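Here is how the chains run, residue by residue.
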Amino acid sequence: MIAAVVPAAGSSVRMGRPKLLVELNGQSLIGRVVSALRLGGVGHVVVVAPPADAAHGPEIAAQARSAGALVIVPGTRPAEMRDSIELGLEWLAKHDSPRSVVLTPGDYPGITPAIVAQLLEYAARFPDRVVLPSYNGRRGHPIVLPWRIAVEVHSLPAGTGINALVARHPDDLAELALSDHAVVTDLDTPEDLKRWKERQERLRVQVRFFALAKDRAGRSEIELELAGGSKVADVRAVLAERFPALGPLLATVLIAVNEEYAGEDALISPGSRLAVIPPVSGGAGDFSRVGLCLARQKGAFRR
Amino acid sequence: MIEITGSPIDYAAVTERVRSPRAGAVCTFLGTVREFTGDQRTVALAYEAYAEMALKKMAELEEQARRRWPIIELALVHRVGDLELGEVSVVVAVSCPHRQESFEACRWLIDTLKEVVPIWKKEIWEGGREEWVHPGLHPI
């Protein structure tokens with residue numbers, strides 16, 4: 001079994017408000033992290049919450065619980081993150097010591113079930129190693145520790161943290177390089193939060209041009225930044241503005257999203273591969289048959 | 001067999017690939033570069049493909065055709081790049097137990113391929129004028 005410990009007892013000094021309760025897409029930050037761990041394949045998710053008499057302590061505990069976590073409420077606020085982790089590990093030791101433990105702070109907003117699942121898969125291949133995700137060479141979270149290494153936390157000298165534990169085992173590390181900045185992105189300050197929200201709201205997509213559209217646009221591809229929630233029709237509007245030379249041609253083309261013809265109201269998601277498809281050489285010119293295919297496939301574009 | 005290639009297509013070899021002792025009929029269609037369209041004279045053709053999507057669409061055509069006809073083997077091969085007069089731009093080869101189904105499947109495959117697979121052709125007319133062929137699009 002794989003368990004996780006999420007230290008969530010901090011007082012969010014730099015954020016100026018309880019950051020784990022910040023709502024992102026309708027879910028509290030702590031709830032998002034717990035859900036990602038659970039959906040990614042972690043069995044027990046142990047959240048170490050602030051004490052019951054701390055401001056917002058009970059709310060953080062409630063949010064974690066409703067997302068499926070087991071919540072430990074300490075009598076007094078743990079001094080360091082490492083102390084919270086020790087409390088979580090003690091709880092796990094008393095119940096059933098897991099094979100591995102996932103550690104992640106509660107303030108990583110971009111951690112997804114997919115990231116967690118990838119890390120667990122990697123940890124299954126290297127069960128005796130410390131699995132660390134990295135992005136552009138920077139190490140991040142969540143980390144996966146074999147139980148035998150996790151329990152060494154108790155013997156760390158005072159004033160040292162999990163980094164010291166990792167540093168003790170330089171030969172037991174398995175680093176997993178990921179292309180998602182989420183593993184190195186935490187939220188400490190209001191500026192962090194603002195930057196993260198902005199990043200979420202922008203959609204970056206690649207658009208390729210073919211045949212006459214390529215000649216008119218004067219290039220074979222472009223990267224576009226779109227507003228969140230953009231649809232195929234919005235892409236057309238952006239292209240018309242950026243490439244006046246495409247002009248009336250735009251009204252005759254189809255837009256493909258991820259190698260499929262897409263309807264005008266299909267939503268664009270980040271990283272989508274778009275293409276401008278002028279009428280193909282043997283067609284009737286009205287894409288009548290494509291239209292039929294499209295009607296059948298329409299559901300596929302609505303995610 | 002589904003392929004987009006920049007080299008001349010060996011249509012005899014493609015036909016050979018779909019032959020089978022279980023087949024009673026093999027139908028091969030060749031699309032070739034025609035010199036005259038009306039009274040306009042072509043000196044060469046250039047084909048361009050959105051290869052990732054074209055291969056995906058061609059695979060879908062194969063799947064749909066196999067559902068409609070008792071196809072034994074099937075090959076769709078499209079050429080891209082610059083082609084001279086008379087060269088083969090596309091090959092559809094189908095083997096079936098009987099001739100009627102092989103004719104029908106072959107015809108449906110080439111007709112549908114030309115409508116839905118994102119591959120475009122550019123005419124290079126006598127005199128050097130170049131023109132993308134986009135049916136339904138008036139000269140603009």
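**Quick notes on the overall build of chain A**
- When helices and strands are tallied, chain A shows 11 helices and 15 strands.
- Each of the 303 residues in chain A was classed as buried or not, and the buried ones make up 41%.
- Intrachain contacts of chain A at a sequence separation of at least 6 include 70% that bridge at least 24 residues.

**Focus on helix α2 (residues 57-66) of chain A**
Residues and elements named next belong to chain A.
- Listed as buried for α2 are Gly 57, Ile 60, Ala 61, Gln 63 and Ala 64. Projected onto a plane normal to the axis of α2, the buried residues spread over an arc of 165° and lie on a single side.
- Once α2 finishes, Gly 68 follows within two positions and takes phi at roughly 105°, a positive value.

**Overview of the pairing of strand β4 (residues 45-48) of chain A**
All names here are of chain A.
- Covered by surrounding structure in β4 are Val 45 and Val 47 together with Val 46 and Val 48, the residues of both alternating faces.
- As paired strands, strand β1 (residues 2-7) and β4 are joined by 4 bridges and run parallel to one another. Note on β4: the bridge partner recorded for Val 6 is Val 47.
- Pairing geometry for β4 and strand β5 (residues 70-72), over 3 bridges, is parallel. Residue pairing across strands places Val 46 opposite Leu 70, the latter belonging to β5.
- What joins β4 to β5 is α2, and the crossover it makes is right-handed.

Cut-offs used in this document
Residues numbered from 1 in each chain as written. Chains lettered and ligands numbered in written order. Predicted model: local features only at pLDDT ≥ 70, side-chain atom pairs only at ≥ 80, totals over all residues. Helix = DSSP H or I, 4+ residues; strand = E, 2+ residues; numbered from the N terminus. Buried ≥ 20, exposed ≤ 12 C-beta atoms within 10 Å, placed from the backbone. Contact = placed C-beta atoms within 7 Å. Arc of directions from axis to C-beta. Pairing = 2+ DSSP bridges. Right-handed = clockwise from strand over helix to strand, strands pointing away.

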